[in-house]
Each structure stands twice: as C-alpha cells, then as structure tokens.
Amino acid sequence: MPPLIAGVTLAVRKWGEGIGGLIGGFPWVAGPISFFIALEHGALFAASTVTSALLGSIGTTLFALVYALVASRFSWLPTVLISYAAFFAVAFLSLGRTVSLPAAAGLNLLVLTLVLYFFPKSRSITETKKQPLYDIPLRMLVATFFVVLLTQAADYLGPTWSGILTPFPIMTSTLAVFTHAQRGADAASRILHGLLLASYGFVVFLIGVSWLVPQIPIGPAYSILMIVTMLVNFVTIRVVKN
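Residues numbered from 1 in each chain as written. Predicted model: local features only at pLDDT ≥ 70, side-chain atom pairs only at ≥ 80, totals over all residues. Heavy atoms only, no water.

## Let's talk about the environment of Ser 75
By the secondary structure assignment, Ser 75 is in the loop between helix H4 (50-70) and helix H5 (76-94). A relative accessible area of 44% places Ser 75 in the partly exposed class. For Ser 75 and Ala 181, which are 106 residues apart along the polypeptide, the C-alpha to C-alpha distance reads 7.4 Å. (Helix = DSSP H or I, 4+ residues; strand = E, 2+ residues; numbered from the N terminus. Buried < 20%, exposed > 50% of the residue type's maximum accessible area, 1.4 Å probe, protein only.)

Rendered as structure tokens:
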C-alpha cells in the first residue's frame, strides 16, 4: 500500500489531476482489501462480498460528487466529513437489501454514468507548487492505516459489511483531501473526476472477483483481474478522449 499511494501521488504531479485521478481510481486499495479477505476467509467469502461491494461503490461515487459540490464552500475537514456521511447513508440504505449481482452492477453503472454527466466542471487550472517533504509519507501512513483497519475489521463485520466497506473511499479521500488542502477545490474536483472515470474498471473487477476468484487460485485470479481492469480503464481513456 505505501508504494502505491506514493506512486499515484507522483503520477498526479507529473500528468495532472485528471490522468492522476484516473490512475488512482484503479482498485489499488479495494483490490488488496479483497485479496487479503480472500486469503484470510476464503475465496467463497470474498465472492459473497461482491454484491454489497457494488452497492458500497455507489456510496463512493456519491462521495466524490458531494466532495466536488461542497469543496468550494468549506475547507477540507468539513468537506470530507460531509462526503463520508453520503457514503455511509448509501451503506445503511444497502443493509438488508436482497439484490442480485446483475441488478447491483446495473444500478452501479447507472448512478456512475449519471454522476459523471452532471459532475461539476472545474473552473481554473491551479499552479503546481512544491510540496513539503512530509507530504508523501503522510499520505502513505493515512492510506495504509485505513487498509489495515478495514481488513482486520472483516473478522467481526461479516460478508455484508465487509463488502460495503471494500470500496470505502480511502484512495479517493486521501487524494481529494491532500489536493484540496494544497491546491484548492478545483484541483480536487479534477482529481475526483478522474477517479470516477476509473470506476467502470472497478465494476468489472468486482464482477470478476465473484466469478473468477472461486474458480482458480487466489493469486493468479487477482493478477488477471488487475490486468483486465487496466484494459478497461485504457478503453475508457480512449472513449473519453474521442
């Protein structure tokens, strides 16, 4: 996890918030969480979390939308707290719902597409500033803490809550908060838009966990799914550019 958050941060600095956000939207966090859940609790347990994870991913999508809408009015702390409230509102609404995998995937894609269509456009390009030396280590520490916390919590939460919290916006909130604090609301909005574009690949990743992980060894299964996710995101970039 620490090298991943460092790499994504450097990608944002090199290629800008849009492309950096798209790279950050890969399942760098949810992937390891799902992988370690599969290692510790078995492939069938990991597969059983997917429907809940698809519903939880809707919460992550709304987190990004709310953050972009609120960021220009507040500093990063109230903004992220309000956005977390949107995620958990979806999480609690998802509890006790009997939803099939195709229905959850379809609802996820519908909400994602609508949010991207109405997502607020940033108004300006923020000048890049030199960041303090502690910036990347602090990001690494924050993101890793949340991954360890959620992975260990799976022992007590069961498959429903484990699934809902698998797409908890760890990478999303880490990138958004640090960008908001250092470069302003418009830069945070751009990075969140890039993260949302990568969510199509994340839906494919989750469906793959449900189908592939119980069929073959866990290591090769997750390796294949990460490659497929990269291909989907590559196609998304080409479509958006055209």
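Anyway, onward from the coordinates.
## Here's the deal with the side chain of Thr 236
In this fold, Thr 236 is placed in helix H11 (residues 218-241). Ignoring sequence-local partners within four residues, the contact set of Thr 236 consists of Leu 197 and Tyr 200. (Contact = heavy atoms within 4.5 Å.)

## So, the nonpolar core
Ranked by size, the top nonpolar core spans 62 residues in total, and within it Tyr 67, Ile 170, Leu 192, Phe 205 and Tyr 222 carry the most contacts. In terms of residues, this core owes the most to one element, H4, which gives 10 residues. (Core = buried A, V, L, I, M, F, W, Y, C linked by side-chain atoms within 4.5 Å.)

## Here's the deal with the UniProt feature "transmembrane region" (unreviewed entry) in the protein
Cross-referencing UniProt, the feature "transmembrane region" (unreviewed entry) maps to residues 19-39, 45-69, 76-95, 101-120, 160-179, 191-213 and 219-240 in the present numbering. Secondary structure within residues 45-69 divides into 96% helix and 0% strand; the distance between the first and last C-alpha atoms comes to 36 Å. In residues 191-213, the share of helix is 91% and the share of strand is 0%. The end C-alpha atoms are 31 Å apart. (UniProt positions renumbered as here; feature names shortened; annotations may be inferred.)

## Regarding the packing of aromatic side chains
Within the structure shown, the criterion is met by eight aromatic pairs. With centroids separated by 6.2 Å and ring planes inclined at 15°, the aromatic side chains of Phe 202 and Phe 205 adopt a geometry described as stacked. Of this pair, Phe 202 and Phe 205 both sit in helix H10 (residues 199-212), separated by three residues, roughly a single helical turn. Across this residue pair, the class does not change: Phe 202 and Phe 205 are buried. By way of ring pairs, the aromatic residues Phe 35, Phe 36, Phe 202, Phe 205 and Tyr 222 are connected into one cluster. (Phe/Tyr/Trp six-rings, centres within 6.5 Å; stacked < 30°, edge-to-face > 60°.)

## Considering the packing of H5 against helix H8 (residues 170-183)
Across the interface, H5 lies against H8 with an axial gap of 10 Å and an inter-helix angle of 155°. Considering the angle they form, H5 stands roughly antiparallel to H8. Here the hand of the crossing between H5 and H8 comes out right-handed. Taking contact as the criterion, the partners of Trp 76, Thr 79, Val 80 and Tyr 84 in H5 are, on H8, Ser 173, Val 177, His 180 and Ala 181. Looking at the contact of H5 with H8, its residues break down into five nonpolar, three polar and no charged. (Axes fitted to C-alpha atoms, helices over the stretch in contact; angles between N-to-C directions. Parallel < 35°, antiparallel > 145°, perpendicular 65-115°, else oblique. Left-handed = near helix turned anticlockwise from the far one by under 90°. Nonpolar A, V, L, I, M, F, W, Y, C, P; charged D, E, K, R; others polar.)

## Some remarks on the side chain of Ser 189
Tracing the backbone through its elements, the reader meets Ser 189 in helix H9 (residues 185-197). What makes Ser 189 buried here is its relative accessible area of 5%. When sequence neighbours within four positions are dropped, the list of residues in contact with Ser 189 reads Ala 68, Phe 119 and Pro 120.

## Overview of the environment of Ala 91
Tracing the backbone shows Ala 91 in helix H5. Residues Ala 91 and Ile 164, 73 residues apart in the sequence, show an inter-C-alpha distance of 6.3 Å. The residues contacting Ala 91, other than those within four sequence positions of it, are Trp 161 and Ile 164.

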